Amino acid sequence: MPVSVGSYGQQAQPSCFDRVKMGFMMGFAVGMAAGAMFGTFSCLRIGMRGRELMGGVGKTMMQSGGTFGTFMAIGMGIRC
Amino acid sequence: MEEYAREPCPWRIVDDCGGAFTMGAIGGGVFQTVKGFRNAPVGVRHRLRGSANAVRVRAPQIGGSFAVWGGLFSTIDCGLVRLRGKEDPWNSITSGAMTGAILAARSGPLAMVGSAMMGGILLALIEGFGILLTRYTAQQFQNSSPIVEDPKQLPPKEEARGYGQYQ
């Protein structure tokens, strides 16, 4: 992802592993944020409140983050 | 996805469609491996066969869904670039919303609105994190400038030598 600057010889293109890692991190962040929004909506509609709501939203965030992170990591990997 | 060099507009549609299919098929294969393994009857051979079967059947379907989404998204994106004459995050967000709406058309207008909102929000998050990431990498470059200042460490060494001579 980072652009390689020609003037710095040391700034080589990041390795495939670094790109996959960056993709996963970014996907995980996006997935967590999306999970927080949609999860809150879903759990509130079911009628969760208080600690139960926190647990439900947290679970949705982790699931969404993991799934999204995996797919974006693969997306970065196939473009190395 | 916005961070890598993308092809010019007509060919981007093909590129994104293929990339989305590959991503969906591989990712789907990973998840279906686990799901098939768990759903199979007890026994190592049964479970391995369950994994292989689930991947063989389901991965192409998941890849196909991703390809449809990616292809339609790119088509609308290129259309907007042509119409508006500029390329910015709003194109992606609008394309995400419209793609979600179109693919939910069979479920009725209400589902279309819901899917459009979900698509738009998701693309907005992706664009937002992409922009944050760009700033982060920019700061990384600024932080790397101390490496250039390494040669300036020579004067202190000379001073140290002078101090030694003084002793």
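Residues numbered from 1 in each chain as written. Chains lettered and ligands numbered in written order. Predicted model: local features only at pLDDT ≥ 70, side-chain atom pairs only at ≥ 80, totals over all residues. Heavy atoms only, no water.

1. Side note on the overall build of chain B
When its secondary structure is counted, chain B shows five helices and zero strands. Beginning at the N terminus, the succession of helices and strands in chain B can be written as α-α-α-α-α. Taken across its 167 residues, chain B has 31% of its residues classed as buried. Contacts in chain B between residues far apart in sequence, at least 24 positions, make up 54% of those at least 6 positions apart. With an accessible surface of roughly 11,100 Å², chain B has 64% of that area assigned to carbon and sulfur atoms. (Helix = DSSP H or I, 4+ residues; strand = E, 2+ residues; numbered from the N terminus. Buried < 20%, exposed > 50% of the residue type's maximum accessible area, 1.4 Å probe, protein only. Contact = heavy atoms within 4.5 Å. Areas by Shrake-Rupley, 256 points an atom, 1.4 Å probe, with all protein chains shown as cover.)

2. Some points on helix H1 (residues 16–46) of chain A
In this model, H1(A) (31 residues) spans 43 Å end to end at C-alpha, consistent with the 45 Å of a helix rising 1.5 Å per residue. Burial in H1(A) covers these residues: Arg19(A), Met22(A), Gly23(A), Met26(A), Gly27(A), Val30(A), Gly31(A), Ala34(A), Gly35(A), Gly39(A) and Cys43(A). Residues of H1(A) that are buried sit in contact with helix H2 (50–77) of chain A together with helix H4 (109–143) of chain B. Within two residues after H1(A), Gly47(A) carries a phi angle of roughly 115°, on the positive side. (Expected span 1.5 Å × (residues − 1).)

3. Thoughts on the UniProt feature "transmembrane region" in chain A
Summarizing the sequence annotation, UniProt attributes the feature "transmembrane region" to residues 22–44 of chain A in the numbering used throughout. Helix makes up 100% of residues 22–44 of chain A and strand 0%, and the two end C-alpha atoms of the span are 33 Å apart. (UniProt positions renumbered as here; feature names shortened; annotations may be inferred.)

4. A closer look at the pattern of salt bridges
Side chains that differ in charge, positive against negative, can pair when their charged atoms come close. Residue and element names in this part refer to chain B. Taken as a whole and judged by the stated rule, the model has three salt bridges over all chains. Notably, a salt bridge pairs Asp88 with Arg84, separated by 2.9 Å at the nearest N-O pair. Overall, the relative accessible area of 23% leaves Asp88 in the partly exposed class. (Salt bridge = Lys/Arg side-chain N within 4 Å of Asp/Glu carboxyl O.)

5. Observations regarding the side chain of Ser95(B)
Residues and elements named next belong to chain B. In this structure, Ser95 sits in helix H3 (residues 89–103). The exposure class of Ser95 is buried, given its relative accessible area of 0%. Ignoring any residue separated from it by four or fewer positions in sequence, one finds Ser95 in contact with Phe73, Ile76, Asp77 and Leu80.

6. Examining H3(B)
Residues and elements named next belong to chain B. The end-to-end C-alpha separation of H3 is 21 Å, in line with the 21 Å expected for 15 residues at 1.5 Å each. Listed in full, the buried residues belonging to H3 are Asn91, Ser92, Ile93, Ser95, Gly96, Thr99, Gly100 and Ala101. Looking at the packing, one finds that the buried side of H3 touches helix H2 (44–84) and H4.

7. What about the UniProt feature "transmembrane region" (unreviewed entry) in chain B?
Using the residue numbers shown here, the UniProt feature "transmembrane region" (unreviewed entry) corresponds to residues 110–133 of chain B. Secondary structure content for residues 110–133 of chain B is 100% helix and 0% strand, and the end C-alpha separation is 35 Å.

8. Examining the environment of Ala97(B)
All names here are of chain B. Mapped onto the fold, Ala97 is located in helix H3. Through-space distance from the C-alpha of Ala97 to that of Met117 is 6.1 Å; in sequence the pair is 20 residues apart. Beyond its immediate chain neighbours, meaning those up to four positions away, Ala97 contacts Ala116, Gly119 and Gly120.

9. Looking at the packing of H2(A) against helix H1 (residues 9–39) of chain B
One can describe the packing of H2(A) onto H1(B) by two numbers: an axis separation of 9 Å at closest approach and a directional angle of 130°. Viewed along their axes, H2(A) and H1(B) adopt a mutual orientation that is oblique. Relative to H1(B), the crossing made by H2(A) is right-handed. Between H2(A), through Thr67(A), Thr70(A), Phe71(A), Ile74(A) and Gly75(A), and H1(B), the contact on the second element is made entirely by Met23(B), Gly24(B), Ile26(B), Gly27(B), Gly28(B) and Phe31(B). Among the residues making up the contact of H2(A) with H1(B), the classes are represented as five nonpolar, six polar and no charged. (Axes fitted to C-alpha atoms, helices over the stretch in contact; angles between N-to-C directions. Parallel < 35°, antiparallel > 145°, perpendicular 65-115°, else oblique. Left-handed = near helix turned anticlockwise from the far one by under 90°. Nonpolar A, V, L, I, M, F, W, Y, C, P; charged D, E, K, R; others polar.)

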